[in-house]
Amino acid sequence: MRLLMLAARSILFMRAHTAVIPAAGMGTRFLPATKAVPKELLPIIDTPALQLIIDECMGAGIDHIVVVTSHAKPAIEAYFADAPEVVAKLRSTGRDHVADHLEAIGRDVRISFAYQDVAMGLGHAVGCAREAVGDEPFAVLLPDEIMGDSSLLAQMCDVSAATGGSVVGLKHVPREEVSAYGVIDPVGEMSADGVIRVATMVEKPPLDKAPSDLIIIGRYVLTPDVFDCIERVVPGAGGEIQLTDALRMQAEAGPFHGVLSTIRRYDTGNPFGWLTAVVELALDDERIGEQFREWLQARL
Ligand code: UTP
């Protein structure tokens, strides 16, 4: 009965089909590489992290991507531009499959750009996408977190469409680590498929004030009223407009849920996390996995 009701309700609210990818930050933890190469384009084996995020979106039914970038990072837009010389060279040397792959970039899904020329925080970056998103629910994916597949995002889109409210991705962390993250204050029990209501949330709480051990990860599905909330956020330290502050306003005003992630997740925003992601994904890679495993075993 409850399932039927959820299914019926899911028709009432629109499912997100647009995703915002904030990519205008300075990537200071990755300097000096990020002086010339945006962090979002650092390769995971041979594919930019940004492309893996776009693939995740497409797997969850998203058909419009808004990349928030800065004019100081022209390489982001260059990644989506046509490359006729490279394609011609590939075709003339019989590498049509690589040429086809290159030509599909930026064409297999609609890409729009929004600009944030001064990095004023994640909330501000999302706010910069307002016009491109319109008055609809939308997903936000932080490109320095790579997920094993699209299932979490797809489930979050479904939960938002069923409840009419915003949804955040969640992860359990050891209690002593909560102070480094945004932490939710849950209401009631988590359902068997990992969905829980959120009363409010707090950014980087001291250990004794943390309302739970459930932290918010870099996946969100947000209702468009969040844009008004972002405009009401008072800038914090360094003038940054935090997304968590806007989400707290939403959670305290209406339905707001979290979905516990059970899939693989890599934090590639710092050199150690990026390296472990590359090693793990290389071990599983069907082209180089076996060779890499042999080399690594011998090396160790
Ligand atoms: P991060 O805080 O991880 O990225 O933000 P950063 O600020 O570029 O990196 P560090 O901390 O200096 O090393 C997560 C994502 O949000 C984007 C970043 O580009 C990154 O992809 N972001 C962050 C913005 O687009 N604008 C901002 O003002 C802040």
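This text goes with the structure placed above it.
Residues numbered from 1 in each chain as written. Predicted model: local features only at pLDDT ≥ 70, side-chain atom pairs only at ≥ 80, totals over all residues. Heavy atoms only, no water.

### A few points about the packing of aromatic side chains
Point 1. Applying the stated criterion across every chain yields a total of 5 aromatic pairs.
Point 2. Consider the rings of Phe-138 and Phe-227, whose centres lie 5.0 Å apart with planes at 5°: the pair is stacked. Remark: Phe-227 occurs in helix 9 (residues 226-232) and Phe-138 occurs in strand 6 (residues 138-141); sequence separation between them is 89 residues. The same class applies to Phe-138 as to Phe-227, namely buried. (Phe/Tyr/Trp six-rings, centres within 6.5 Å; stacked < 30°, edge-to-face > 60°. Helix = DSSP H or I, 4+ residues; strand = E, 2+ residues; numbered from the N terminus. Buried < 20%, exposed > 50% of the residue type's maximum accessible area, 1.4 Å probe, protein only.)

### As for the nonpolar core
Point 1. Residues Ile-54, Ile-62, Ile-65, Phe-80, Leu-153 and Val-221 are the most contacted members of the largest nonpolar core, which totals 45 residues.
Point 2. Ranked by the residues each element gives to this core, the list is headed by helix 8 (residues 151-163), at 6 residues.
Point 3. If we ignore the near neighbours within four places in the chain, the residues touching Ile-62 are Ala-16, His-17, Thr-18, Ala-19, Cys-57, Val-109, Ala-139, Leu-153 and Cys-157.
Point 4. One finds Phe-138, Val-140, Ile-216 and Ala-251 within the second-largest nonpolar core, a separate group that totals 34 residues. (Core = buried A, V, L, I, M, F, W, Y, C linked by side-chain atoms within 4.5 Å. Contact = heavy atoms within 4.5 Å.)

### Digging into the site of the ligand
Point 1. In the neighbourhood of the ligand, 18 residues make up the surrounding shell, with Thr-28, Glu-40, Gln-116, Gly-121 and Asp-144 lying closest.
Point 2. Between Pro-22 and the ligand, the recorded distance is 3.0 Å, taken from a backbone N or O atom to an oxygen atom.
Point 3. One of the side-chain nitrogen or oxygen atoms of Lys-39 is found 3.1 Å away from an oxygen atom of the ligand.
Point 4. For the ligand, whose free accessible area comes to 560 Å², the fraction covered by protein is 83%. (Near = heavy atom within 4 Å. Polar contact = N/O pair within 3.5 Å; in protein donor to acceptor, adjacent residues only side chain to side chain. Areas by Shrake-Rupley, 256 points an atom, 1.4 Å probe, with all protein chains shown as cover.)

### What about the packing of helix 4 (residues 84-92) against helix 5 (residues 96-104)?
Point 1. One way to put it is that helix 4 packs onto helix 5 with a least axis distance of 7 Å and a crossing angle of 160°. Relative to helix 5, the element helix 4 is oriented roughly antiparallel. Like other packed secondary-structure pairs, helix 4 and helix 5 cross with a definite hand, here left-handed. On the side of helix 4, the interface is formed by Val-86, Val-87, Leu-90 and Arg-91, while helix 5 contributes Asp-96, Val-98, Ala-99, Asp-100, Leu-102 and Glu-103.
Point 2. Classifying every residue of the contact of helix 4 with helix 5 gives 6 nonpolar, no polar and 4 charged. (Axes fitted to C-alpha atoms, helices over the stretch in contact; angles between N-to-C directions. Parallel < 35°, antiparallel > 145°, perpendicular 65-115°, else oblique. Left-handed = near helix turned anticlockwise from the far one by under 90°. Nonpolar A, V, L, I, M, F, W, Y, C, P; charged D, E, K, R; others polar.)

### So, helix 10 (residues 243-253)
Point 1. Listed in full, the buried residues belonging to helix 10 are Leu-243, Thr-244, Ala-246, Leu-247, Gln-250 and Ala-251. The buried residues of helix 10 occupy one face: seen down the axis, they fall within an arc of 160°. In helix 10, those exposed residues whose orientation departs by more than 90 degrees from the buried face are Glu-252 and Ala-253.
Point 2. Summarising the contacts, the buried residues of helix 10 are in contact with helix 6 (122-127), strand 8 (166-172), strand 10 (195-203), strand 11 (214-222), helix 9 and strand 12 (256-260). (Arc of directions from axis to C-beta.)

### Comments concerning unusual backbone geometry
Point 1. Between Leu-31 and Pro-32 the backbone carries a cis peptide bond, its omega angle lying at 10°.
Point 2. For Ile-45, which is not a glycine, the phi torsion comes out positive at approximately 60°.
Point 3. Structurally, Ile-45 is set in the loop between strand 2 (43-44) and strand 3 (47-48).
Point 4. Judged by its relative accessible area of 29%, Ile-45 falls in the partly exposed class.

### Details of helix 11 (residues 271-284)
Point 1. The end-to-end C-alpha distance of helix 11, which contains 14 residues, comes to 20 Å, matching closely the 20 Å that a straight helix rising 1.5 Å per residue would cover.
Point 2. Taken together, the buried positions of helix 11 are occupied by Gly-273, Ala-277, Val-278 and Ala-282. Around the axis of helix 11, the buried residues are gathered within 160° of arc, so they sit on the same side.
Point 3. Looking at the buried residues of helix 11, the elements they touch are strand 2, strand 13 (265-267) and helix 12 (289-299). (Expected span 1.5 Å × (residues − 1).)

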